[in-house]
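Now for the letters of each chain:
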Amino acid sequence: FATRGVIKCHAAVAWKPNAPLVIEEIEVTPPQKNELRIKVIATGVCHTDLYHLFEGKHKDGFPAVLGHEGAGIVESVGPGVTEFKPGDKVVPLFISQCGECRFCRCPKTNLCERSWSSERYASMSDAESHFTCRGQAILQFMGTSTFSEYTVMNQVAVAKIHEDARLDRVCLLGCGIPTGYGAAINTAQVTPGSVCAVFGLGAVGLAAVMGCKNAGASRIIAVDINEKKFEKAKVFGATEFVNPSAHSKPISQVLHELTNGGVDFSLECVGNVAVMRSALESCVKGWGVSVLVGWTDMEDFSARPIQLISGKTWKGSLFGGYKSKDFVPVLVHDYMSGKIKLDEFVTHSMTLEQVNDAIELMKTGGCIRTVLNISTE
């Protein structure tokens, strides 16, 4: 196995919560059994990176290298790796697919027992890491750490993709786009001719809009307090727009009046428990389905039992319900064949050194997706 030793490279280190990331030289260990070392070419900046830094702030989750929406090229492989070779184009996955555990064997879920998330939701990383900096172990956020020039992953958490795929676009298939798109297609199972509402028009929400459109929805109502996002939502298939701030009555009431009693499907793509409640209450009784898509683990959600007794369904979705290794290559193909959009999500391109600018842009709602170009192919 032709493995170079330890690689020294640059990475953006989150030494502590609520602080800017610091570009440091880190050491990346060679891949061990069943592992591969990946040269990261491009990564998106996702709101979940900001959530860990500014909201979750779990003391056991630092220092860490953030980033979990990346694409790269295999640099070297450890013993036991059969499906990858150096030079392969890959997407690192925050949700693994070992193919053997009871979750992987069950068609109803995309969870996997081999994932960091089965034990360590709060710290959002595995206990062991392949990174050190200044003599200290640095955690791999969500098991991935794409804000680094190199990362090391187990082969159960890497998808091999088409050799002609454009890495500064398909990196978005590592998190945000499948999360929203699959929530509409797989979790909500939006039906042709239905009426949908999508709450929150970041990348995940816009991907949900695209999913509703591709599923054949007749009306797609985009809901956001930032009206600048409405033009963008139109590109992905939104037919109507509502700004909750522009109404004195609750948004659920506004939607009931617009839709003769409520929408067939609603998707919450913010990660805010109050919005989750509004999304449920916006659904029609009898058959309405509301899906929680935005990531948060800080507060309880609540609703009146009559909401569910009256026949509504409230469910959640992680990574759009896609079994990761199986479906990321399919979604890459869907992008290359024009079935799904990716280019339209990217509003800014920056370098790793500009990562704090990218974070600031997202905090202020100034971007949809910023792609950081980490290395050249």
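Residues numbered from 1 in each chain as written. Predicted model: local features only at pLDDT ≥ 70, side-chain atom pairs only at ≥ 80, totals over all residues. Heavy atoms only, no water.

1. Looking at the sheet that holds strand 14 (residues 265–268)
Read from one edge of the open sheet, six strands run 13-12-11-14-15-16, paired in parallel fashion. Of all strands in the sheet, those bounded by a partner on one side alone are strand 13 (240–242) and strand 16 (313–316). Averaged over all pairs of adjacent strands, the angle between their axes in this sheet comes to 20°, without regard to strand direction. Sheet analysis places strand 11 (residues 195–199) next to strand 14, joined by four bridges and oriented parallel. Residue pairing in the sheet places A197 in a bridge with S266 of strand 14. (Pairing = 2+ DSSP bridges. Helix = DSSP H or I, 4+ residues; strand = E, 2+ residues; numbered from the N terminus. Axes fitted to C-alpha atoms, helices over the stretch in contact; angles between N-to-C directions.)

2. Focus on the pairing of strand 12 (residues 219–223)
The buried count for strand 12 comes to four of five residues, which makes it a mostly enclosed element. In this sheet, strand 12 lies alongside strand 11 in parallel orientation, the contact comprising five bridges. Across the sheet, the residue bridging to A197 is I221, located in strand 12. Where the polypeptide runs from strand 11 across helix 4 (residues 203–214) and back to strand 12, its parallel neighbour, the crossover connection is right-handed. (Buried < 20%, exposed > 50% of the residue type's maximum accessible area, 1.4 Å probe, protein only. Right-handed = clockwise from strand over helix to strand, strands pointing away.)

3. A short note on the sheet that holds strand 7 (residues 131–133)
Strands sit in the order 1-2-7-8-4 around a closed barrel of five strands; the barrel is mixed. Here two bridges tie strand 2 (residues 22–28) to strand 7, and the two strands are oriented antiparallel to one another. In the sheet register, V28 faces strand 7, and the bridge partner there is F131.

4. Section: the packing of helix 3 (residues 176–188) against helix 4
Interaxial distance between helix 3 and helix 4 falls to 7 Å at its minimum, and their mutual angle equals 40°. By the criterion of interaxial angle, the relationship of helix 3 to helix 4 is oblique. Along this stretch, helix 3 crosses helix 4, giving a crossing that reads as right-handed. Touching G176, I177, T179, G180, Y181, A184 and I185 of helix 3 are A203, V204, A207, A208, M210, G211, C212 and N214, all from helix 4. Classifying every residue of the contact of helix 3 with helix 4 by side-chain character gives 10 nonpolar, five polar and no charged. (Parallel < 35°, antiparallel > 145°, perpendicular 65-115°, else oblique. Left-handed = near helix turned anticlockwise from the far one by under 90°. Contact = heavy atoms within 4.5 Å. Nonpolar A, V, L, I, M, F, W, Y, C, P; charged D, E, K, R; others polar.)

5. Concerning helix 6 (residues 251–258)
When we look at burial in helix 6, the residues that qualify are I251, S252, V254 and L255. Seen along its axis, helix 6 keeps its buried residues to an arc of 160°; they face one direction. Residues of helix 6 that are buried sit in contact with strand 11, strand 12, strand 13 and helix 7 (273–281). Just past helix 6, the residue N260 takes up positive phi, approximately 60°. (Arc of directions from axis to C-beta.)

6. Some words on the pattern of salt bridges
By the definition in use, this model includes 16 salt bridges. The partner of K160 in a salt bridge is D88, with the nearest N and O atoms 3.5 Å apart. Of the two residues, K160 is situated in strand 10 (residues 158–160) and D88 in the loop between strand 5 (70–77) and strand 6 (89–92); the sequence distance between them amounts to 72 residues. For K160, a relative accessible area of 37% gives the class partly exposed. Ionic pairing is found between R219 and E240, a salt bridge with its closest N-O pair at 2.8 Å. (Salt bridge = Lys/Arg side-chain N within 4 Å of Asp/Glu carboxyl O.)

7. Some words on the side chain of D88
You can call D88 buried: its relative accessible area is 7%. At 2.9 Å, the side chain of D88 and the side chain of K85 are in polar contact. (Polar contact = N/O pair within 3.5 Å; in protein donor to acceptor, adjacent residues only side chain to side chain.)

8. Observations regarding the side chain of D168
With respect to the helices, strands and loops of the structure, D168 is situated in helix 2 (residues 167–170). For D168, a relative accessible area of 19% gives the class buried. Side-chain polar atoms of D168 contact the side chain of R166, separated by 2.6 Å. Once residues lying within four places of it in the same chain are set aside, the contact partners of D168 are A42, V371 and N373.

9. Structural notes on the environment of C283
Tracing the backbone shows C283 in the loop between helix 7 and strand 15 (289–292). As a C-alpha pair, C283 and H256 span 27 residues in sequence and 7.9 Å in three-dimensional space. Once residues lying within four places of it in the same chain are set aside, the contact partners of C283 are H256, G261, G262, V263, S266, G288, V289, S290 and K312.

10. Notes on the packing of aromatic side chains
A complete count under the given rule lists five aromatic pairs for this structure. Considering the side-chain rings of F236 and F345, the 4.4 Å spacing of their centres and the 35° angle between planes classify their relative orientation as tilted. Taken together, the residues F236 in helix 5 (residues 230–236) and F345 in the loop between helix 9 (324–336) and strand 17 (346–351) connect sequence positions 109 residues apart. Of the residues examined, F236 reaches a relative accessible area of 1% and is grouped as buried. A residue is classified by how much of its surface remains accessible, and F345, at 0% relative accessible area, is buried. Considering the side-chain rings of Y322 and F327, the 5.5 Å spacing of their centres and the 45° angle between planes classify their relative orientation as tilted. The exposure class assigned to Y322 is buried, which follows from its relative accessible area of 6%. Look at F327 and you get partly exposed, because its relative accessible area is 35%. (Phe/Tyr/Trp six-rings, centres within 6.5 Å; stacked < 30°, edge-to-face > 60°.)

Everything listed is a geometric property; what it means functionally is a separate question.
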